[in-house]
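If you want the building blocks of each chain, they are given just below.
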Amino acid sequence: MATDDLMTRALATLGDDGPMSVEAIHSLTEPAEMSEPMAIAEVADLLGISPHTLRYYERAGLVEVGRDCNGHRVYDGAAVRRLVFLTRMRLSGMAMRDLQDYISLVDAGEHTVPERLDLLIEHRDTIRRRIRELTLSLTAVEYKIATYGGETGPDVQTPAVDRTARRALRA
C-alpha cells in the first residue's frame, strides 16, 4: 500500500468533517496489522517508497533494521511505525537534517523531550504557513475557475476580495 493509500485511509478514518486526530495515524500501523516482520520489498510497497530510500534511511541513522539468518533486512512493527512517521514528515517538507536531529534526540532518551517539542513546534508552524499559502493559491485557482464559468468546490468560501487583490487574480 503506497503512502498515498495510507493518507487516504487516514482521511477516511476522519471522515469529511471530522477533526484531525492522532488516532488516524495510529490506526494505520497498529501492531495487529503486522503479525510478522516484513521484508524490504514489502515495506517499500506499503509506504510507496523505494527499497533504495529505505536503505538510505537506515544509513542515515533514521531507523534500525534487524537481519534474518541470511542477512536480509527484516522490519518489525516499531521500524514500520517509525518509517510511517518519517515518510509523513518528509512529505510535509521536513529536511533530512531535521529528521536526523529529531531521531537522534529520540534515541538519546526522555531527557530530550523539550528539544524534540521545540523542533516539532517549529515544523508545525512551517506546515501551517504552507497550508495558508496553499489555501491562498487554491482561492486564486477557484476564482479563475469561476471567472471562466466553472463551478468552485463545495469547500470554497467566496471571500470579499478588495480591488487590488482582484487585479492580481485577473492576471
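That block above? That's the structure.
Please read these numbers as outputs of a predicted model, since none were measured by experiment.

Trainee: Mind showing me how you'd approach the packing of aromatic side chains here?
Mentor: In the structure shown here, the tally under the stated rule is two aromatic pairs. Seen in terms of ring centroids, Phe85 and Tyr102 are 5.4 Å apart; in terms of plane orientation they differ by 35°. Their pairing is tilted. Note that Phe85 is positioned in helix H5 (residues 77–91) and Tyr102 in helix H6 (residues 96–108), a separation of 17 residues in sequence. For Phe85, a relative accessible area of 26% translates into the label partly exposed.

Trainee: Explain a negative patch on the surface here, please?
Mentor: The grouping of Asp98, Glu115, Asp118 and Glu122 at the surface amounts to a negative patch. With three residues, the top contributor of residues to the negative patch is helix H7 (residues 113–147). Along the chain, the position of Glu122 falls in helix H7.

Trainee: What's the story with the environment of Val141 in this structure? I'm lost.
Mentor: Within the secondary structure, Val141 is located in helix H7. Overall, the relative accessible area of 47% leaves Val141 in the partly exposed class. Sequence spacing of Val141 and Thr152 is eleven residues, and the spatial spacing of their C-alpha atoms is 9.1 Å.

Trainee: Sorry if this is basic, but what is going on with the pattern of salt bridges here?
Mentor: Once their charged atoms are close, side chains differing in charge can pair, the charge on each being opposite to the other. The final tally for this structure, using the stated rule, is five salt bridges. Between Glu58 and Arg73 there is a salt bridge; the shortest N-O distance is 2.5 Å. Linking Glu58 in helix H4 (residues 51–59) with Arg73 in strand S3 (residues 73–75), this pair joins segments that are 15 residues apart in sequence. One salt bridge connects Arg82 with Asp107, and the closest N-O pair in it is separated by 3.1 Å. With Arg82 in helix H5 and Asp107 in helix H6, this residue pair connects regions lying 25 residues apart in the sequence. Each of Glu58, Arg67 and Arg73 takes part in one network of salt bridges that share partners.

Trainee: Even after reading the chapter, I still don't get the packing of H6 against H7, so can you show me in this structure?
Mentor: When two helices pack together, their arrangement is given by the angle between the helix axes and by the axis-to-axis distance. Following both chains from N to C, one finds H6 and H7 inclined at 155°, their axes separated by 9 Å at the closest point. It follows from the interaxial angle that H6 and H7 lie roughly antiparallel. Like other packed secondary-structure pairs, H6 and H7 cross with a definite hand, here left-handed. Contact residues: H6 offers Asp98, Asp101, Tyr102, Leu105 and Val106, while H7 offers Glu115, Arg116, Leu119 and Leu120. Of the residues belonging to the contact of H6 with H7, the class tally is five nonpolar, no polar and four charged.

Rules behind the numbers
- Residues numbered from 1 in each chain as written.
- Predicted model: local features only at pLDDT ≥ 70, side-chain atom pairs only at ≥ 80, totals over all residues.
- Heavy atoms only, no water.
- Phe/Tyr/Trp six-rings, centres within 6.5 Å; stacked < 30°, edge-to-face > 60°.
- Helix = DSSP H or I, 4+ residues; strand = E, 2+ residues; numbered from the N terminus.
- Buried < 20%, exposed > 50% of the residue type's maximum accessible area, 1.4 Å probe, protein only.
- Patch = residues over 30% accessible without salt bridge, like charges linked within 9 Å, V, L, I, M, F, W, Y side chains within 5 Å.
- Areas by Shrake-Rupley, 256 points an atom, 1.4 Å probe, with all protein chains shown as cover.
- Salt bridge = Lys/Arg side-chain N within 4 Å of Asp/Glu carboxyl O.
- Lys, Arg positive; Asp, Glu negative; His and termini not counted.
- Charge placed at Lys NZ, Arg CZ, Asp CG, Glu CD.
- Axes fitted to C-alpha atoms, helices over the stretch in contact; angles between N-to-C directions.
- Parallel < 35°, antiparallel > 145°, perpendicular 65-115°, else oblique.
- Left-handed = near helix turned anticlockwise from the far one by under 90°.
- Contact = heavy atoms within 4.5 Å.
- Nonpolar A, V, L, I, M, F, W, Y, C, P; charged D, E, K, R; others polar.

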